[in-house]
Structure formats: C-alpha cells, structure tokens
Amino acid sequence: MDLLEYQGKQFFASFGIPVSPGEAATTVEDAVAAAERIGYPVVIKAQVHVGGRGKAGGVKLAANVDEAREHAGNILGLDIKGHVVKTVWVEFASDIAEEYYASFTLDRSAKKHLGMLSAQGGVEIEAVAETDPDAIAKIWIDPVDGLDEATARTWVEAAKLNPAATDGAVDILLKLYRAYTEGDADLCEINPLILKPTGEVHALDAKVTLDGNAQFRHEGWEAFEATQVRDEREQAAHDKGLQYVGLDGTVGVIANGAGLAMSTVDIVNQVGGKPANFLDIGGGANAEVMAGALEVINNDPNVKSIFINIFGGITKGDEVANGIVTALGRVKIDAPIVIRIDGTNAEQGREILAAHESEMLQSKPTMLEAARVAVELAAK
Ligand code: GDP
Ligand code: MN
C-alpha cells in the first residue's frame, strides 16, 4: 500500500521524525485558508501516488495569499503522469542549505534490509546510481541485529554529508529504521532529507510503502486504505476479498493459490496468449467465491475467454466443480470457460463438469491443454 506524501509524513511523525507543519486540502479555498493559518512562505504540493511532482509543476512556493491561491488553483486538477491531483498538501516552507537522500528497503537476494544514504538528494536516486554510484553509501542490516547508533554514525560519515548534519542525520536514520521495521513498511524514503541553514535536519518529502498484509496490526492504516487508487476491476476484486492484479490481455485467469495463479499466467503466455489478470481465489474455492471471481473477470471488457485452473488439495475437486456449476447459475458469463481440475477428487470433479459441458464450458485434463484451448478461444 503506497502512501501519499502527507500520509507518509504523518507516519514518520508518529516515530518522531521531524517534518514541517501543514494541512491537506481538496479545494482552492481550503488550501488558501490553510496557508493563512500556517503563515508564509508556504509550499503547495500535489498529493499523487507518483514521483517527480516538482518537475511536473506540482510543487510551488507561495509567499503570500495571492500566490497561494494561484498555485493551489493550478495544481488541483493538474495531470501528473496520468494521476489527476485531487488533494494538495500545504506546509510551512523550509529554508534549505543542502538536500540529501535516505531510504530503507528490503534486499531480498541479500536477505537483509538495505539502507541507502547520499549527499546528492533532491534528484532521482536512479540517476545518481547511474552517473555517480559511489555517491550512495549503502549498508546491509541483518534484521536480527538491527541498526545501532555507532553503525549509523559510521554510515553517515561514509556518505560525506556536511558534518553539521551528522547528529541530526543519525537521529533521523535510527527513527526511520524503527518506522520501517516496527511500522511494517516495505519502503521508507526521504528525498530530500534537508539540512537547514540553522543546522537542523528534517524530512521534506516522504515516500512510504506499507506491507498490506500487516494491516490487521495497525488500526491507523484505515485512513490510508481509504485513499488508495485502484483501477475499477481491482477495486471490485478488493471489495470481494480476492487477490487480483489487472493485466492487459484477453484470457481471464482464475486459480487457487498464488503460485498456481502465477504459473497459469505464465502458461497462457507460453502458448502465445495474453492473460487479462492474475486472480487467486485462495483455498476455499466454494460457489460464493467462484461466483465473485467470475463476476470480476466477466466485467472486464477485454476478456475473450476464461481459464479456471484448480488443484484440489484440502479443497476437493468435486466441491470445486459443484461450486463452478452453482456460480454459473448465478452469474451470466459472456466468454467461454475452459477448466482444468486436478488433485484430490479430480475425477469426480471432471464428471460433474462433463454433465454441463457446452460450447461455453469445457474441461481439459491438463494445464497445458486447457491453456491452449483458452488461448485459441480468445483469438476467435
Ligand atoms: P518530488 O518532486 O515529487 O520529489 O517533490 P519534493 O517534495 O521532493 O519537492 C521537490 C523539490 O522542491 C525539493 O527537492 C526542493 O528542492 C523543493 N522544495 C520542496 N519543499 C520545499 C520547501 O519547503 N522549501 C524550499 N525552498 N524548497 C522546497
Ligand atoms: Mn522528492
């Protein structure tokens, strides 16, 4: 779950990381009123789930009420890389002496957390990585050991920040690491992390990705969840509790288990088709769940055929087959369906499906065969 900047700053502030005081607003009037309360100069910032807002005209300084009104008016409704700005964040503008970069994320191949710190902030870190990789000081942190102050200090020194920033940076990095680990984040990035002329270090931007699977542990995340933007298909699937990712092909995919769903997407590609989605219905493939999944797939106008791929384990093949038949009675499906059932009680499951076989519903014994037929049907 990606947070908007102002939500990321709320998240940071709850771990004691210094951020500027500010307010979110959805109308020009509210933004102006916020600016008046905060006092000038303010910076008005587009709140969208995409970076590079500054370059796109989504971050503007305002020295007085007229400028605040003008900038808020220009930024609200602005299209930044396909994201239309509905909310602005108005905060007290900071004086900047230097801009740095700091982040924590997971390095899966190293099985460690990766911290990156650079004296070259405010620009895209990918660009720094390309032109001047030595300008990024990296540390790999064993999650069992964590990050202690001495290590953080050595790391800050390696990044060659202004010595005036050392204490402030060490303090923020320790807090950022806590936010990242205890806060169940997959990414915590501050770009720029600034040194003010007065010597304070401060987070001027916030990019946070939270691990959605940890939501049950965090009541405060409900407000973050409410502003998530999903495409229509993804929203419908999310409302039904399905694990769905929209893709741009024509073969709708339903499978039980994330691994099988991924293999199904792969095999559709392998036989020359293009999957319209990834959809994992999980362990309990009952009629209710199956009907919900079919509804979501059926509402996607790109879908020309549907491939249901089920491996019966604890869920038995005959129960799944009955579930599919019941679901088909409930949902009117426009695209032909190809089903492969294997595993526990597969034979019984196939018999049940055979009794309902038609042009719109066929069952194939292997995954490869089913994929071929589904792709053929999608091409018609
Ligand atoms: P991004 O472009 O989406 O990453 O948005 P940022 O929040 O990082 O802002 C982009 C740039 O705007 C920063 O690197 C700063 O140079 C500038 N900026 C943002 N906030 C302030 C502020 O409070 N004061 C000043 N002087 N500049 C700011
Ligand atoms: Mn930034």
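Preceding this section is the structure that the text describes.
About the thresholds
Residues numbered from 1 in each chain as written. Chains lettered and ligands numbered in written order. Predicted model: local features only at pLDDT ≥ 70, side-chain atom pairs only at ≥ 80, totals over all residues. Heavy atoms only, no water. Helix = DSSP H or I, 4+ residues; strand = E, 2+ residues; numbered from the N terminus. Buried < 20%, exposed > 50% of the residue type's maximum accessible area, 1.4 Å probe, protein only. Contact = heavy atoms within 4.5 Å. Areas by Shrake-Rupley, 256 points an atom, 1.4 Å probe, with all protein chains shown as cover. Lys, Arg positive; Asp, Glu negative; His and termini not counted. Charge placed at Lys NZ, Arg CZ, Asp CG, Glu CD. Donors = N, O, S within 2.8 Å, 3.2 Å for Na, K, Ca; no water. Polar contact = N/O pair within 3.5 Å; in protein donor to acceptor, adjacent residues only side chain to side chain. Phe/Tyr/Trp six-rings, centres within 6.5 Å; stacked < 30°, edge-to-face > 60°. Near = heavy atom within 4 Å. Nonpolar A, V, L, I, M, F, W, Y, C, P; charged D, E, K, R; others polar. Core = buried A, V, L, I, M, F, W, Y, C linked by side-chain atoms within 4.5 Å. Salt bridge = Lys/Arg side-chain N within 4 Å of Asp/Glu carboxyl O. Arc of directions from axis to C-beta.

S.K.: Can you lay out the overall build of the protein for me, pointing to particular residues and giving the numbers?
M.R.: Each helix and strand in the protein was counted, giving 13 helices and 18 strands. Once the C-alpha set of the protein is aligned to its principal axes, its extents read approximately 80 × 50 × 40 Å. Burial statistics for the protein: of 380 residues in total, 49% are counted as buried. A separation of at least 24 residues holds for 69% of the contacts in the protein among residues at least 6 apart in sequence. Surface summary for the protein: the accessible area is close to 17,900 Å², and the carbon and sulfur share equals 50%. In the protein, which carries 33 positive and 57 negative side-chain charges, the distance between the mean positions of the two groups comes to 3 Å.

S.K.: Describe in detail unusual backbone geometry, supporting the description with residues and values.
M.R.: Cis geometry is adopted by the peptide bond preceding Pro41, which originates at Tyr40 and carries an omega value of 0°. Following the sequence through the fold, Pro41 ends up in the loop between helix H2 (28-38) and strand E2 (42-46). Across the junction of Asn191 and Pro192, the peptide omega takes the value 10°, indicating a cis bond. Structurally, the position occupied by Pro192 is in strand E10 (residues 185-195). Backbone geometry places Lys81, a non-glycine residue, at a positive phi of 45°.

S.K.: Give a detailed account of the coordination of the manganese ion (ligand 2), specifying residues and quantitative values.
M.R.: Bound to the manganese ion (ligand 2) on the protein side are Asn191 (O) and Asp205 (OD), at distances that span 2.2 Å. With a gap of 14 residues between them, Asn191 in strand E10 and Asp205 in the loop between strand E11 (201-203) and strand E12 (207-210) connect regions that are remote in the sequence. Grouping residues by exposure puts Asn191 and Asp205 together as buried.

S.K.: Describe in detail the side chain of Asn309, supporting the description with residues and values.
M.R.: By the secondary structure assignment, Asn309 is in strand E16 (residues 305-312). A distance of 3.0 Å separates a polar atom in the side chain of Asn309 from a polar atom in the side chain of Thr264. Among all residues touching Asn309, those that are not within four sequence positions of it are Ile254, Ala255, Asn256, Leu260, Thr264, Arg340 and Met367.

S.K.: I'd like to hear about the packing of aromatic side chains, residue by residue, with values.
M.R.: Evaluated as defined, the whole model comprises seven aromatic pairs. Taking the centre distance of 5.8 Å and the plane angle of 15° together, the rings of Tyr6 and Trp89 count as stacked. Of this pair, Tyr6 sits in helix H1 (residues 5-13) while Trp89 sits in strand E6 (residues 88-92), and the two are 83 residues apart along the sequence. Accessibility classification places Tyr6 together with Trp89 in one group, the buried group.

S.K.: Before we move on, could you go through the site of ligand 1 and cite the residues and values that matter?
M.R.: Close contacts around ligand 1 come from 16 residues, with Lys45, Arg53, Gly54, Ser94 and Glu99 the closest. Within the contact set of ligand 1, an oxygen atom lies 2.5 Å away from a side-chain nitrogen or oxygen of Lys45. Within the side chain of Glu99, an N or O atom sits 2.7 Å from an oxygen atom of ligand 1. Compared with its free state, where it exposes 560 Å², ligand 1 has 79% of that area covered by protein. The set of elements that each furnish at least two residues to the shell around ligand 1 consists of E2, strand E3 (59-62) and E10. When grouped by side-chain class, the residues that make up the shell around ligand 1 number seven nonpolar, five polar and four charged.

S.K.: Provide a residue-level description of the nonpolar core, including the pertinent values.
M.R.: Among the nonpolar cores identified, the biggest contains 41 residues, and Phe11, Phe12, Phe104 and Leu210 are the most heavily contacted of them. Broken down by secondary-structure element, the contributors of at least two residues to this core are H1, strand E7 (98-107), strand E9 (136-141), helix H5 (149-158), helix H6 (166-182), E10, E11 and E12. Sort the elements by how many residues they give to this core and H6 lands first, with eight residues. Beyond its immediate stretch of four places on either side in the chain, Phe11 contacts Leu3, Ala179, Gly183, Ala185, Cys188, Val208 and Leu210.

S.K.: Mind laying out the pattern of salt bridges, listing which residues take part and the relevant values?
M.R.: Counted under the stated rule, the structure contains 20 salt bridges. Lys332 is the salt-bridge partner of Asp334, the closest N and O atoms lying 3.7 Å from each other. When sorted by exposure, Asp334 lands in the same class as Lys332, which is exposed. Each of Glu5, Lys9, Lys45, Arg53, Glu91 and Asp205 takes part in salt bridges that share partners, so that together they form one network.

S.K.: Any details on helix H12 (residues 346-354)? Residues and values, ideally.
M.R.: Helical geometry note: an α-helix holds 3.6 residues per turn, so side chains three or four residues apart project in the same direction. For H12, the full list of buried residues reads Ala346, Gly349, Arg350 and Leu353. Across the axial projection of H12, the buried residues extend over an arc of 95°, all falling on one side.

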